[in-house]
Amino acid sequence: YADQYKSKENKHPVSRDKVSRVCTVLREELEKKDAKKYLLPILATYVRDGKNLEQALAVIKSYKDAGVKNLVDEGLRFLATMVDINALFNVALGTYDLQMVVMVAEKSQKDPKEYLAFLNNFRKMEENFRKFSIDQHLGRNERALEHIVACPDMFDTCLKHVVQHRLYKQALKLLVSGSDHHKEVCQSYGEYLESKRYHEEASIMFQKADNTEKAVTEAGAGLSWQRAGHLA
């Protein structure tokens, strides 16, 4: 209401995140009083605070893990009326808890034929590959990389993911330096940098990949003659 009191000095400028602050304070007070009794208003504060569905679902999941089924049903039904059910379905999928996803889907108008086959396909997968596939489906490419790196027998899939989404730097941090897989990513990264005409950087990557011949060629192309001579 600052514009109604122009004669007064505005000592406390309006905060842009006031909705978030009010939601946080309100949620903390409700949790102190009785988190179970005030579950729905608590969930509402998460939704109003920038549609923080991940945290809202985390609260419901904690009750699910504790076996409090009535609060889980009540909470999911409430969220389904407040937000787009497809968005809620994807957030539930992002928890990697397929049972939770089914429970969310049951609160919607979705035909079980639409989602059961989709979810059963994930159930057949090894855990890390399942998490990778879910993250890939949700477009969480960097998180997906962390899971596919944990599948050492699926490096071809990992490398394809790295190349497709240009995740070279992230992959090199996750892989053991000097390992065969690390060198393969360096080689691929070098080829990418070469295509972009970053010759000196490409030379460094080819050197890390033990491809000295290409490292020399790229150093020369980048006019780094001292480096080219040293490598040669």
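For the structure given in this document, a descriptive report is provided here. Since we're looking at a predicted model, the values are computed, not measured.

## Concerning the nonpolar core
Item 1. Residues L57, I60, L76, L79 and L119 are the most contacted members of the largest nonpolar core, which totals 36 residues.
Item 2. Taken together, the elements giving at least two residues each to this core come down to α2 (39–48), α3 (53–65), α4 (69–82), α5 (85–93), α6 (98–106) and α7 (112–123).
Item 3. Tallying contributions element by element places α6 first for this core, with seven residues.
Item 4. When neighbours within four sequence positions are excluded, L119 is seen to be in contact with L93, L98, V101 and V102.
Item 5. In this structure, Y168, L172, V185 and F206 belong to the second largest nonpolar core, which totals 24 residues.

## What about unusual backbone geometry?
Most of the time, phi is negative for any residue but glycine, and the peptide bond is trans.
Item 1. Although it is not a glycine, R197 adopts a positive phi angle of roughly 65 degrees.
Item 2. Within the secondary structure, R197 is located in the loop between α12 (180–195) and α13 (199–208).
Item 3. With a relative accessible area of 67%, R197 lands in the exposed category.
Item 4. Here D210, not a glycine, exhibits a phi torsion of approximately 65 degrees, which is positive.
Item 5. Exposure remark for D210: the relative accessible area of 52% places this residue in the exposed category.

## Looking at the packing of aromatic side chains
Item 1. Inspection of every chain in the model, using the stated rule, returns four aromatic pairs.
Item 2. Through a chain of ring-to-ring contacts, the aromatic side chains of Y168, Y189 and Y192 assemble into a single cluster.
Item 3. A cation over a ring is seen here: R27 above Y46, with NZ or CZ 4.0 Å from the ring centre.

## Quick notes on the side chain of R27
Item 1. If you trace the backbone, R27 turns up in helix α1 (residues 18–34).
Item 2. Buried and unpaired, R27 has D49 as its nearest opposite-charge partner, separated by 4.2 Å.
Item 3. Once residues within four sequence positions are removed from consideration, R27 is found in contact with I42, T45, Y46 and D49.

## Brief notes about the environment of K36
Item 1. Here K36 is to be found in the loop between α1 and α2.
Item 2. Residues K36 and V68, spaced 32 residues apart in sequence, show a C-alpha to C-alpha distance of 9.9 Å.
Item 3. Aside from chain neighbours lying at most four places away, what touches K36 is Y63 and L71.

## Some words on the side chain of S224
Item 1. With respect to the helices and strands, the residue S224 is situated in the loop between α14 (212–221) and α15 (225–231).
Item 2. Of the residues examined, S224 reaches a relative accessible area of 12% and is grouped as buried.

Rules and cut-offs
- Residues numbered from 1 in each chain as written.
- Predicted model: local features only at pLDDT ≥ 70, side-chain atom pairs only at ≥ 80, totals over all residues.
- Heavy atoms only, no water.
- Core = buried A, V, L, I, M, F, W, Y, C linked by side-chain atoms within 4.5 Å.
- Buried < 20%, exposed > 50% of the residue type's maximum accessible area, 1.4 Å probe, protein only.
- Helix = DSSP H or I, 4+ residues; strand = E, 2+ residues; numbered from the N terminus.
- Contact = heavy atoms within 4.5 Å.
- Phe/Tyr/Trp six-rings, centres within 6.5 Å; stacked < 30°, edge-to-face > 60°.
- Lys NZ or Arg CZ within 6 Å of the ring centre and 35° of its normal.
- Lys, Arg positive; Asp, Glu negative; His and termini not counted.
- Salt bridge = Lys/Arg side-chain N within 4 Å of Asp/Glu carboxyl O.

Don't take any of this as a statement about function, it's just geometry.
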